[in-house]
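Residue-level structural notes
Here is what each chain is made of, one letter per residue.
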Amino acid sequence: MCGIAGFTTSHQSDSHLDLAEAMVASIRHRGPDAQAVRQFNGAVLGHARLSIIDLSEAGNQPFVSNDGQYALVFNGEIYNFKTLRRELENQGVGFRTQTDTEVVLALLAREGMAAIEKLNGMFAIAFWDNEAGTLDLVRDRIGKKPLYYTEQDGQLLFASELKSLLQCPNVSREIRPDAVYDFFAYQYVPDPKTIFKYIYKLEPGSHLHRTKTGKIKVRRFWAPQMGEPESVSMEEAKGQLLDLLEDATRQRMISDVPLGAFLSGGVDSSGVVAMMAKGGHTVTTCSIGFKEKDFNETEFAQAVANQYRTDHREHTVEDGVAERLLDICRFLDEPFADSSLVPTFLVSELARKDVTVALTGDGGDEIFAGYEKYATDWRENQLRNKFPSSVRAVMGNLAPALRRVPGKFLRRASSLMHSLSLDPAKAFYVTNTFIDDHIWQLLLNEDFRKDLADYHPSELTEHVYNQCDSENHLAKILYTDMRTFLPGDILVKADRMSMANSLELRSPLLDYRIIEFANRLPSELKFNKGDKKIVLREALEPLLPPEILNRKKMGFSTPLATWFREELKGIAEAHFFEKGQGLGQIFRKDHIRLIWDQHQRGLFDHAPLLWSMLMYEIWWQNYMASNEADKPQPETQAALAPC
């Protein structure tokens, strides 16, 4: 696991090396073991290395072919690299290291960019052809590894994290208004947008090619395919799934450094630990709990740890969240508000004391329909089909009036009536959103309202939902989450919080073979009348305790409502009412106060919205407030410009 950065250039210069070194230094947490930059005739490539495979200096990057034509920087792991290496050796290719990096370079040099479809792993790759003057950027199928890019004066800059690109003073920090709205709706900024108007994420499963003349073309080489389900019995599906999961886990246990696992006590992480323990391996497992009983899963994690006799560590979050939060947020380059980032950071910190690589259960819920929101969506669709459109229209008109009345029951009734009045795609957006239109319009100031024009974040959900190649509604919403929520939220959280601790995470359930297998299954093998993740639970039934298989999903949940009345009250008030410059550009201060007071008095639970506002203001203070004060003078910008 590593960090990459670089840019194309029109000429060679010492200032280019200085800039590349600054870009790499800003992401050193991703690769503390070695950092290097190298200048070529038309590009500069930089790399920060976390040594996992072949720990020798021979594995350091940038990696250059023997003839000097090709160079590569690479972030990730290729799990089938040994198979690919044998194939290349049979063709006469020689190797000087044991790294997967050298295999990727040799494969691309020999077969071209079509060979990326042979890679099974997580990866962000920058591949430079020194003779052709072309640069290729590639991101793995599901988006495990991040890759950002921007154009500056006709040149292309790329990096693993936004903060690296921002080392170039000429890169604009102009905020993108629709991305701000997306953030408050989804709690993340969806691909390919970033919070900055002129910086983009390379989407998962995509390849960007830049020619010597500066022309850029982006293509998708992979996307989830749902299609028509295959005819398969439950017994057949269980057997195939177990075989795939066992092989995917085995491949992800290849490491030259200590390896362990996150263990939440849920089906997914417990199943991965069960697979790791096959063959008598003693697994190091790590769990995080909370003093609030409703959010504490450590007893379930301990049950699995006992069954498989793991070397188990756990940490209970008692106090100190406020003190840690500002430090944790330094690793978030754009607004991000999935509150489970806190326990993810803490469990990564705990794991890194003993291991450098950890396996996780990420992906199981999106692929096998494990979230409660899928059950909510199903129940609402059942009700929606019972009412004619005229009645549902009346419900939609009545919903806003109920929303203004305090009390959980009436607010839930309002939400349900509003959802029933919508078509299934828009209703799924409502299920996913963290701010309803009424609250948004109440908070919004007039200047930002004008900047947004007619934009609404539901456009994203509806667009992706309608791109699905299946008519089945469950297939459509799983496809939507695999294209949006999974890479935009779950995998961002996992990458940033683990890399903040120089820890590599691997996710067997995100093996593309498992994703493609699950997508071909009939929907009823995944979800049926509220019963979730059926085939995965049945496949793992012989391996896990009944209390794990049948318990309600919790995940890394956090006691946000309590935190805002206790632990986070001081830091929230300071950022809302003493600082608040970022929020002040979007929202009316008097209505921020109204939302805050309602939560403090227990009239409404505004915790998710308050958390989003807090995370936005912390981000703004980190990346915008200091930038305004320290903006370089024009002559300094010119000296550091990459081209």
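**With respect to the packing of aromatic side chains**
According to the stated counting rule, one finds 23 aromatic pairs in the structure shown. Between Tyr181 and Trp440, the aromatic rings sit 4.1 Å apart at their centres with planes inclined by 5°, giving stacked as the arrangement. Of this pair, Tyr181 sits in helix α5 (residues 177–186) while Trp440 sits in helix α16 (residues 437–443); the two residues are 259 residues apart in sequence, bridging distant segments of the chain. Look at Tyr181 and you get buried, because its relative accessible area is 3%. Residue class for Trp440 comes out buried when judged on its relative accessible area of 0%. Every member of this aromatic cluster is reached through a ring pair, and the members are Tyr181, Phe183, Phe184, Phe196, Trp440, Tyr455, Phe587, Tyr616 and Trp619. The residue whose ring lies beneath Lys373 is Phe485, and the NZ or CZ to ring-centre distance is 4.5 Å. Between Lys476 and the ring centre of Tyr465, over which it is positioned, the NZ or CZ distance is 5.1 Å.

**Quick word on the confidence of the model for the protein chain**
In the predicted model, the protein chain carries a mean pLDDT of 92, and 94% of its residues have values of at least 70. Here residues 628–643 is modelled with pLDDT under 50, and outside its nearest four sequence neighbours on either side it reaches 25 contacts, counting other chains as well.

**Thoughts on the packing of helix α2 (residues 81–90) against helix α3 (residues 100–111)**
Closest axis-to-axis distance for the α2/α3 pair is 10 Å, and the angle between their directions is 50°. Considering the angle they form, α2 stands oblique to α3. α2 and α3 meet at a crossing whose hand is left-handed. Contacts between α2 and α3 involve Phe81, Leu84, Arg85 and Leu88 on the former and, on the latter, Asp100, Val103, Ala106, Leu107 and Arg110. The residue makeup of the contact of α2 with α3, split by class, is 6 nonpolar, no polar and 3 charged.

**Digging into the side chain of Arg496**
Among the structural elements, Arg496 can be located in helix α20 (residues 485–499). A distance of 2.9 Å separates the side chain of Arg496 from the side chain of Asp495, its partner in a polar contact. Residues in contact with Arg496, not counting those within four places in the same chain, are Pro146, Tyr148, Glu161, Phe331 and Leu332.

**A look at helix α1 (residues 14–25)**
When the terminal C-alpha atoms of α1 are compared, their 17 Å separation across 12 residues agrees well with the 16 Å that a helix rising 1.5 Å per residue should span. Considered for burial, the residues of α1 that qualify are His16, Leu19, Ala20, Met23 and Val24. The arc that holds the buried residues of α1, viewed along the axis, is 135°, so those residues lie on one side. Exposed residues lying more than 90 degrees from the buried face of α1 are Asp14 and Ala25.

**A word on the sheet that holds strand β11 (residues 206–210)**
An order of β4-β5-β6-β7-β11-β12 is seen for the 6 strands of this open sheet, with the pairing classed as antiparallel. Two strands in the sheet have a free side with no partner beyond their single neighbour: β4 (63–64) and β12 (216–220). In this structure, strand β7 (residues 134–139) lies alongside β11, joined through 4 bridges in antiparallel fashion. Considered in β11, the bridge of Val138 is made with His207. In this fold α3 packs onto β4, β5 (70–78) and β6 (121–129), with an angle of close to 125° to the strand it touches most, β5.

**Here we look at the pairing of strand β1 (residues 2–8)**
Remember that side chains alternate between the two faces of the sheet whenever the strand is regular. Within β1, 7 of the 7 residues are buried, which leaves the element mostly enclosed by the surrounding structure. A two-sided burial pattern is seen for β1, the buried positions comprising Cys2, Ile4, Gly6 and Thr8 on one face and Gly3, Ala5 and Phe7 on the other. Bridging between β1 and strand β3 (residues 43–49) involves 7 bridges; their strand directions are antiparallel. Each residue of the ladder has a partner; that of Ile4, found in β3, is His47. Here β1 runs beside strand β9 (residues 155–159); their pairing, made up of 3 bridges, is antiparallel. Across the sheet, residue Ala5 finds its bridge partner in β9, namely Ala159.

Definitions and cut-offs
Residues numbered from 1 in each chain as written. Predicted model: local features only at pLDDT ≥ 70, side-chain atom pairs only at ≥ 80, totals over all residues. Heavy atoms only, no water. Phe/Tyr/Trp six-rings, centres within 6.5 Å; stacked < 30°, edge-to-face > 60°. Helix = DSSP H or I, 4+ residues; strand = E, 2+ residues; numbered from the N terminus. Buried < 20%, exposed > 50% of the residue type's maximum accessible area, 1.4 Å probe, protein only. Lys NZ or Arg CZ within 6 Å of the ring centre and 35° of its normal. pLDDT = per-residue confidence, 0-100. Contact = heavy atoms within 4.5 Å. Axes fitted to C-alpha atoms, helices over the stretch in contact; angles between N-to-C directions. Parallel < 35°, antiparallel > 145°, perpendicular 65-115°, else oblique. Left-handed = near helix turned anticlockwise from the far one by under 90°. Nonpolar A, V, L, I, M, F, W, Y, C, P; charged D, E, K, R; others polar. Polar contact = N/O pair within 3.5 Å; in protein donor to acceptor, adjacent residues only side chain to side chain. Expected span 1.5 Å × (residues − 1). Arc of directions from axis to C-beta. Pairing = 2+ DSSP bridges.

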